Amino acid sequence: DTGVSQDPRHKITKRGQNVTFRCDPISEHNRLYWYRQTLGQGPEFLTYFQNEAQLEKSRLLSDRFSAERPKGSFSTLEIQRTEQGDSAMYLCASSSTRAGDGQYFGPGTRLTVL
Amino acid sequence: GIQVEQSPPDLILQEGANSTLRCNFSDSVNNLQWFHQNPWGQLINLFYIPSGTKQNGRLSATTVATERYSLLYISSSQTTDSGVYFCAVEHPRGDTGRRALTFGSGTRLQVQP
């Protein structure tokens, strides 16, 4: 068990560019989540997958954001036409359907939009 | 949606001191987790504790679901305990989604040598 991994760890981009982040969950976990965290705040939920199905989306997930989990393993989060307000830490988490367990978080991708 | 309030917002301790962090939530929950966010931003799982009491070394946690609060106890604090402690809950009828965790604003702990 190597934990949840995310790539890249840091991304600096110019306003208007597209960016894509990758998350690899813990191998036996079939649930995968994306959160966003801004400075001084707790993480906020963006979206959730069970296997390859995207089951829940937050109102925070504007039409510039899209997430996929095509084979039920890794996931990607794409932000199109980035804005300065998109600057944040993007966190991925995974969990199993086993009762008595919780969500485990990756190290995050820190996005800076100039 | 569900409200999660943590107190105190900031806490400064001398090494070796004990502390209690509190998390209040406004509705019933399926899941409650405590996390420690280290200076590099990594969220580290401390407890999965929707009810009852658990202990892990110098840390313990108690959740009283019927009264909608949870407590995190840190004993004999060390400088490595510094960081932000978050409480997060999963609400069965949450407008952000049934599986989403809703986080409090955190308690920022600084342990001085």
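Up top is the structure these notes are about.
Report follows, based on the coordinates.

Quick word on the pattern of salt bridges
Evaluated as defined, the whole model comprises five salt bridges over all chains. For Asp-86 of chain A, the salt bridge goes to Arg-64 of chain A, with nearest N and O atoms at 2.8 Å. Pair noted here: Asp-86 of chain A is in the loop between β8 (75-79) and β9 (88-95) and Arg-64 of chain A is in the loop between β6 (53-57) and β7 (65-68), with a separation of 22 residues, a long-range link. Residue Arg-64 of chain A is classed as buried on the basis of its relative accessible area of 10%. Among the salt bridges present, the one from Glu-90 of chain B reaches Arg-99 of chain B, with a minimum N-O distance of 3.5 Å. Bridged by salt links that share partners, the residues Arg-64, Glu-83 and Asp-86 of chain A form one connected network.

What about the side chain of Asn-30 of chain A?
Residue and element names in this part refer to chain A. Looking at the secondary structure, you find Asn-30 in the loop between β3 (19-24) and β4 (31-37). Residue Asn-30 is classed as buried on the basis of its relative accessible area, which comes to 17%. Setting aside residues no more than four positions away along its own chain, Asn-30 makes contact with Phe-49, Gln-50, Asn-51, Arg-69, Ser-95, Ser-96 and Thr-97.

Here we look at the side chain of Ser-60 of chain B
Mapped onto the fold, Ser-60 of chain B is located in strand β7 (residues 59-64). Apart from residues lying up to four places away in sequence, Ser-60 of chain B is in contact with Phe-47, Lys-54, Gln-55, Leu-71, Leu-72 and Tyr-73 of chain B.

Brief notes about the sheet that holds strand β8 (residues 69-74) of chain B
Strand pairing in a sheet relies on backbone hydrogen bonds. The paired strands run either parallel or antiparallel. Residues and elements named next belong to chain B. Strand order across the open sheet formed by five strands is β1-β3-β8-β7-β6, with antiparallel pairing between neighbours. Each edge of the sheet is formed by a strand with only one pairing partner; in this case those strands are β1 (4-7) and β6 (52-56). With strand direction ignored, the average angle separating the axes of adjacent strands in the sheet is 15 degrees. Here β6 pairs with β7 via five bridges, running antiparallel. When the sheet's bridge partners are listed, Asn-56 is paired in β7 with Leu-59.

Examining the interface of chain A and chain B
At the interface, 22 residues of chain A touch 20 residues of chain B. Taken over both partners, the interface formed by chain A and chain B buries close to 1,700 Å², and the fraction arising from carbon and sulfur atoms is 49%. When the area that chain A buries against chain B is broken down by residue, the three leading residues are Glu-56, Gln-103 and Phe-105 of chain A, summing to 27%. At the junction of chain A and chain B, the tally comes to eight residue pairs in polar contact (both at pLDDT 80 or more). Elements represented by at least two residues in the side of chain A that touches chain B include exactly β4, β5 (44-50), β9 and β10 (104-105) of chain A. The element that contributes the greatest number of residues to the side of chain A that touches chain B is β4 of chain A, accounting for four residues. Along the lines of polarity and charge, the residues of the side of chain A that touches chain B split into ten nonpolar, eight polar and four charged.

Structural notes on the sheet that holds β3 of chain A
All names here are of chain A. Pairing is antiparallel in the open sheet, where four strands are placed in the order β1-β3-β8-β7. The open sheet has two edge strands, β1 (5-7) and β7, and neither has a second partner. With direction set aside, neighbouring strand axes in the sheet form an average angle of 15 degrees. The sheet contact formed by β7 and β8 spans four bridges and is antiparallel. For Glu-68, the partnering residue across the bridge sits in β8 and is Thr-76.

Re the nonpolar core
Residues and elements named next belong to chain B. In terms of nonpolar packing, the biggest core is built from 22 residues, with Trp-34, Leu-72 and Val-89 touching the most fellow members. Contributions of two or more residues to this core are made by β2 (10-14), β3 (19-25), β4 (31-37), β5 (43-48), β7, β8, β9 (83-90) and β11 (107-112). Here Leu-72 is in contact with Ser-19, Thr-20, Leu-21, Trp-34, Leu-46, Phe-47, Ser-60, Ala-61 and Tyr-85, once residues within four sequence places are set aside.

Re the state of the cysteines
Residues and elements named next belong to chain A. Taken as a whole and judged by the stated rule, the model has two disulfides over all chains. A disulfide bridge connects Cys-23 with Cys-92, and the sulfur atoms are separated by 1.8 Å. What sets the handedness of the Cys-23 and Cys-92 disulfide is the S-S torsion sign, and at about -70 degrees it is left-handed. Residue Cys-23 is found in strand β3, and its partner Cys-92 is found in strand β9; the two are separated by 69 residues along the sequence. Both residues of the pair, Cys-23 and Cys-92, belong to the buried class.

Cut-offs applied
Residues numbered from 1 in each chain as written. Chains lettered and ligands numbered in written order. Predicted model: local features only at pLDDT ≥ 70, side-chain atom pairs only at ≥ 80, totals over all residues. Heavy atoms only, no water. Salt bridge = Lys/Arg side-chain N within 4 Å of Asp/Glu carboxyl O. Helix = DSSP H or I, 4+ residues; strand = E, 2+ residues; numbered from the N terminus. Buried < 20%, exposed > 50% of the residue type's maximum accessible area, 1.4 Å probe, protein only. Contact = heavy atoms within 4.5 Å. Pairing = 2+ DSSP bridges. Axes fitted to C-alpha atoms, helices over the stretch in contact; angles between N-to-C directions. Buried area = accessible area lost by both parts, 1.4 Å probe. Polar contact = N/O pair within 3.5 Å; in protein donor to acceptor, adjacent residues only side chain to side chain. Nonpolar A, V, L, I, M, F, W, Y, C, P; charged D, E, K, R; others polar. Core = buried A, V, L, I, M, F, W, Y, C linked by side-chain atoms within 4.5 Å. Disulfide = S-S within 2.5 Å.

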